Amino acid sequence: MVDVKSQYLKIKEEVDRGIQEVLDTTAFINGPQVKKFQKEFETYLGVKHVIPCANGTDALQIAMMAVGLKPGDEVIVPAFTYVATAEVIALLGLVPVMVDVDADTFNVNIKGIQAAITSKTKAIVPVHLYGQAADMESIMKIAEEHQLWVIEDNAQAIGADYTFSDGRTAKTGTIGHIGCTSFYPSKNLGCYGDGGAIMTNDDELGTLLHKIANHGQVVRYYHDVVGCNSRLDSIQAVVLSAKLPHLDAYRDARVKVADFYDAAFKDVKALETPYRASYTTHVFHQYTLKVKDGSRDALKAYLDEQKIPNMIYYPVPLYKQEAFKASSNGLDYLENTETLCKEVISLPIHTEMSEEQLAYICEKVKAFFG
Ligand SMILES: *Cc1c(COP(=O)(O)O)cnc(C)c1O
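Residues numbered from 1 in each chain as written. Predicted model: local features only at pLDDT ≥ 70, side-chain atom pairs only at ≥ 80, totals over all residues. Heavy atoms only, no water.

### Observations concerning the overall build of the protein chain
Assigned secondary structure in the protein chain consists of 12 helices and 12 strands. Radius of gyration (C-alpha) of the protein chain: 21 Å, near the 21 Å computed for a compact globule of 370 residues. For the protein chain, buried positions account for 55% of its 370 residues. Partitioning the intrachain contacts of the protein chain with sequence separation of at least 6 by distance along the chain shows that 72% fall at a separation of at least 24. Carbon and sulfur atoms make up 52% of the accessible area of the protein chain, which amounts to about 16,300 Å² in all. Averaged over its 36 positive side-chain charges, the protein chain has a centre that lies 2 Å from the centre of its 48 negative ones. (Helix = DSSP H or I, 4+ residues; strand = E, 2+ residues; numbered from the N terminus. Rg over C-alpha atoms; globule rule 2.2 N^0.38 Å. Buried < 20%, exposed > 50% of the residue type's maximum accessible area, 1.4 Å probe, protein only. Contact = heavy atoms within 4.5 Å. Areas by Shrake-Rupley, 256 points an atom, 1.4 Å probe, with all protein chains shown as cover. Lys, Arg positive; Asp, Glu negative; His and termini not counted. Charge placed at Lys NZ, Arg CZ, Asp CG, Glu CD.)

What follows is the structure, encoded as structure tokens:
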């Protein structure tokens, strides 16, 4: 699905030199490289505070801890997402309230959010799935009306630009009260291990998030709040600093792949190519087709046989996962979520794809549909 090796070879010199420096100075934790990347990322995103942490799941958990949610509080999440989003909610004793997504954008449905709000609702966690932003303008409006926190799960859409109806633009992950992202190796900005970050424009939240990620302390051994231990290590910061200047070019390369696929599949009746919303750029973390003729599983089996990488993100709605049955309050059917779990299939997309590889994949997919 990705080719991290070829991408590494293009920045090898800088990465190797930086990692060697960390080894030479043995500043493995909290080295100057972490602060350097933090500042660079703040500048890139146009956000006041970036708090580097250990992974994207931690980022979400620390964000929920910072807004002071109490056990029993309800948090609205899309039912069609990666498990991490709901997992941290359940871990903190909060109640994940799962709502349907839009069939075109794959992102959380606005009417679904409105219908799910109760007196216990405290936060909304929109996920910018596959690299395209949720309808943040509507979400922020609802949040303001009902005094809810908005925590963006931006693990799949780092670098995407959102345009508000008044023309103002902002990077995804900087629009809600807090944004979270992951630097898992296969993400659009990936390091060579685990990593993550939390973003906010709120000074008070910024201080608190830093504190929580560091055992609740500012002054060593004086713990003001219950925190956790979540650090980005210096070696990962080196990799991220080397990659960040290329992030927009990486995005462009992904969009080119998506354009190629779109053109190749436009006449295949059974396939629906990804919808591109007008209010956001799409950074194509995934290229996800909908198979409309019921042959998704057969297509998957055929591609597996042809040794063409492919994935189903995600085969099961959150509320049907064994782990979440208890917390999903009897919910057992959301129309679009159910349909998408049966229709979606993702094809390889990354920064290093050749036209030859793309043409081969397209030819095989088209051959399947005859
Ligand atoms: C990858 C991902 C996460 C979790 O990130 P990790 O770094 O693997 O913990 C959370 N949410 C979404 C939508 C993701 O894709």
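After that view of the structure, there is still more to cover.
### Digging into the site of the ligand
Taken together, Asn55, Gly56, Thr57, Tyr82, Ala84, Val127, Asp153, Ala155, Gln156, Ser182 and Lys187 make up the full set of residues near the ligand. At 2.8 Å, a backbone N or O of glycine 56 approaches an oxygen atom of the ligand. Residue glutamine 156 places a side-chain N or O atom 2.9 Å away from an oxygen atom belonging to the ligand. (Near = heavy atom within 4 Å. Polar contact = N/O pair within 3.5 Å; in protein donor to acceptor, adjacent residues only side chain to side chain.)

### Considering the domain arrangement of the protein chain
Each domain of the protein chain was delimited in the assignment, giving domain 1 (4–245) and domain 2 (246–368). Placing a centre on the C-alpha atoms of domain 1 and another on those of domain 2 gives a separation of 24 Å. In this assembly, 50 residues from domain 1 lie in contact with 37 residues from domain 2. Of all residues in domain 1, Met98, Tyr130 and Asn188 bury the most surface against domain 2, accounting for 19% of the area lost on that side. Residue arginine 251 is joined to aspartate 161 by a salt bridge in which the shortest nitrogen-to-oxygen separation is 4.0 Å. If you look at where domain 1 meets domain 2, you find 25 residue pairs in polar contact (both at pLDDT 80 or more). (Domains from an automatic or database assignment. Buried area = accessible area lost by both parts, 1.4 Å probe. Salt bridge = Lys/Arg side-chain N within 4 Å of Asp/Glu carboxyl O.)

### Things to note about helix H1 (residues 4–25)
The periodicity of an α-helix, 3.6 residues per turn, causes residues three or four places apart in sequence to face the same way. Spanning 22 residues, H1 covers only 27 Å between terminal C-alpha atoms, well under the ideal 32 Å at 1.5 Å per step. Here H1 has its buried residues at Gln7, Tyr8, Ile11, Val15, Gly18, Ile19 and Val22. Elements in contact with the buried residues of H1: helix H2 (32–45), helix H8 (234–243) and helix H9 (247–265). Threonine 26 sits one or two residues past H1 and shows a positive phi near 55°. (Expected span 1.5 Å × (residues − 1).)

### Regarding the side chain of serine 182
In this fold, serine 182 is placed in strand S8 (residues 178–182). The class of serine 182 is buried, set by a relative accessible area of 9%. A distance of 3.1 Å separates a polar atom in the side chain of serine 182 from the backbone nitrogen of tyrosine 184. With sequence-adjacent residues up to four places away left out, serine 182 is seen in contact with Gly56, Ala155, Lys187, Leu189, Gly195 and Gly196.

### What to know about the side chain of serine 295
Along the chain, the position of serine 295 falls in the loop between strand S11 (287–291) and helix H10 (296–305). Classification of serine 295 by relative accessible area gives buried; the value is 13%. A polar contact of 2.6 Å, which involves the side chain of serine 295, links it to the side chain of aspartate 293.

### Describing the environment of valine 283
Its place among the elements puts valine 283 in the loop between strand S10 (271–272) and S11. In sequence terms valine 283 and valine 75 are 208 residues apart; their C-alpha atoms lie 27 Å from each other. Once you skip the residues sitting within four places of it in the chain, valine 283 turns out to touch Gly131, Gln156, Ala157, Ile158, Gly159, Ala160, Asn188, Arg251 and Arg254.

### Overview of the packing of aromatic side chains
In the structure shown here, the tally under the stated rule is 15 aromatic pairs. A ring pair is formed by tyrosine 162 and tyrosine 279, whose centres lie 5.3 Å apart and whose planes are at 50°; its orientation type is tilted. Within this pair, whereas tyrosine 162 is found in strand S6 (residues 161–163), its partner tyrosine 279 is found in the loop between S10 and S11, the two being separated by 117 residues in sequence. A ring pair is formed by phenylalanine 368 and phenylalanine 369, whose centres lie 4.9 Å apart and whose planes are at 90°; its orientation type is edge-to-face. Three or more aromatic residues joined by ring pairs form one cluster here, namely Phe80, Tyr82, Tyr313 and Tyr314. In this structure, arginine 168 packs its charged tip against the face of phenylalanine 164, placed 4.1 Å from the ring centre. It is lysine 187 that lies over the ring of tyrosine 82; its NZ or CZ is 6.0 Å from the centre. (Phe/Tyr/Trp six-rings, centres within 6.5 Å; stacked < 30°, edge-to-face > 60°. Lys NZ or Arg CZ within 6 Å of the ring centre and 35° of its normal.)

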